[in-house]
Amino acid sequence: SFIGAKLRSFLAWRGLECQVFNAGQRRRAASDDSLEKNLRSPHSHAAFFDNANKDAAARRESIAMDTLDSLFDYLESGEGEVGIFDATNSTRQRRKAILDRVKRRFEGTGKACGVVFIETICTDPYVLHSNMLVKVRNSPDFAGLDEATALADLRRRNAHYESAYEPLCDSEGASYITIYNFSSKVTCSLCFGRITRVVLPFLLAIHVDERPIYLVALAPRGISTSGRTTREAEYRKAVAQAEDAEKDLALRLRAWCASAKEPPLHVFCSASIRARAVAGALDVEASYTAALDPFVKQ
C-alpha cells in the first residue's frame, strides 16, 4: 500500500490518470464481513489471513478478484491510463489468476493491458521495522490498538503470508520488478520502455525512513556600493557586520549539525562565496550547486 500510494502520486505528477485499487479497503467495506468478524479477537485480526482456513482464503480471493474487475472497469471506461492493484499477490497461483483474468477481459477487444508485478523483499531489520510502523500507524486494520499490540498482530499476519509466499521468478513469464530493502538491490525481468526509464528509477528512490530537509537562507546584506568613495567607512562597517552575522550563523549551524539525532547529514549549498564560507565551517559533507544561487541573491 505504501508503494502503491507513492507510485500513484508520482504517475499523477507526470500527468497520467492513475488510481489505486486496494483489496484491503474493499474487504473492510464489504457488508458481508461476518466471517472476518468471527475470526477476530479484541487484539488481533491475523486469523483471517491464515491460509489453513479455507473459507477465509476463498473470501480473500473473491475480494481480490472483485477489486481487479473494478480496475478493469476503470481502464476500459477511458477515465484511467494506469491502475495499481494493491493486494497480496504473493503466490504463483494468484499471479497466474491475475494474468489469466487480464487475458480473458481484454482479448479480442482491440485494447492492450500490460501487467508488471512489483515485489518488495525486506530482510534488513531496520527497514522491516520502519515499514511495519508505517503500516500499523496508517492502516484502519489497526485502529484502536496500541502500537505494540498492533505490531504483534502484524507480525502474526506476516507469518501467515510467509508460510504461503512464493517469490517471483522468470519461469512465470511475467514482467516484474523486485526491490530488496527499499533500493539496496533490484531485479527486473521483461521490463521495457517507460517502465525502465520512469518507474524503475522512482521505485529505487522510495524510502520508508524519515529524511527531513531543512532550508537555511543567508540574511541579505543590503549593502549598496553607490557613493562608496565618500562613504568608505560606512561600507566597511556594514560588510564587517554582515560577515560577523554569517560567522555566527556558521557556528550555530555547526553546533546543530553536531547534535543532529539522525546522521548522516548532507549539506547542499549555493556556489556563492558567502554560502561556501558558511558551509565550509560545518564539518559535514557538502555539495555545491549553482542552482541554489538565486536563494542567496534574494
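Since we're looking at a predicted model, the values are computed, not measured.

S.K.: Help me out: how do you make sense of the side chain of Arg-94 in this one?
M.R.: With respect to the helices, strands and loops of the structure, Arg-94 is situated in helix 5 (residues 92-106). Taking the relative accessible area as the measure of exposure, Arg-94 reaches 9% and is therefore buried. Residues within four places of Arg-94 in sequence aside, it is in contact with Arg-60, Glu-61, Ala-64, Met-65, Ala-87, Thr-88 and Asn-89.

S.K.: Looking at this structure, I do not really get unusual backbone geometry. What am I missing?
M.R.: Residues apart from glycine generally show negative phi values, whereas peptide bonds are mostly found in trans. In this model, Leu-190 sits at a positive phi of 55°, which is unusual for a non-glycine residue. Relative to the helices and strands, Leu-190 is located in the loop between strand 5 (185-189) and helix 8 (194-205). Judged by its relative accessible area of 44%, Leu-190 is partly exposed.

S.K.: Even after reading the chapter, I still don't get helix 6 (residues 125-138), so can you show me in this structure?
M.R.: Residues spaced three or four apart along an α-helix point in a common direction, a consequence of the helix completing one turn every 3.6 residues. Its 14 residues place the ends of helix 6 20 Å apart at the C-alpha level, agreeing with the 20 Å of an ideal helix rising 1.5 Å per residue. For helix 6, the complete set of buried residues consists of Val-127, Ser-130, Met-132, Leu-133 and Val-136. In this fold, the buried residues of helix 6 make contact with helix 7 (147-164).

S.K.: I would appreciate a short explanation of the environment of Glu-61 in the present structure.
M.R.: In this fold, Glu-61 is placed in helix 4 (residues 54-76). On the basis of relative accessible area, Glu-61 is assigned to the partly exposed category, the value being 29%. Linking Glu-61 and Arg-94, residues 33 residues apart in sequence, is a C-alpha distance of 8.2 Å. Leaving out residues up to four positions away in the same chain, Glu-61 has contacts with Arg-94 and Ala-97.

S.K.: Is there a simple way to think about the pattern of salt bridges in this case?
M.R.: Pairs can form between side chains of opposite charge whenever their charged atoms are close. Considering all chains together, one arrives at 13 salt bridges under this definition. Of the charged contacts, one joins Asp-73 and Arg-105 as a salt bridge, the two residues approaching to 2.4 Å between their closest N and O atoms. Here Asp-73 is found in helix 4, whereas its partner Arg-105 is found in helix 5, with 32 residues between them in sequence. Given a relative accessible area of 43%, Asp-73 falls into the partly exposed group. Taking relative accessible area as the criterion, Arg-105 reaches 24% and is therefore assigned partly exposed.

The rules behind each value
Residues numbered from 1 in each chain as written. Predicted model: local features only at pLDDT ≥ 70, side-chain atom pairs only at ≥ 80, totals over all residues. Heavy atoms only, no water. Helix = DSSP H or I, 4+ residues; strand = E, 2+ residues; numbered from the N terminus. Buried < 20%, exposed > 50% of the residue type's maximum accessible area, 1.4 Å probe, protein only. Contact = heavy atoms within 4.5 Å. Expected span 1.5 Å × (residues − 1). Salt bridge = Lys/Arg side-chain N within 4 Å of Asp/Glu carboxyl O.

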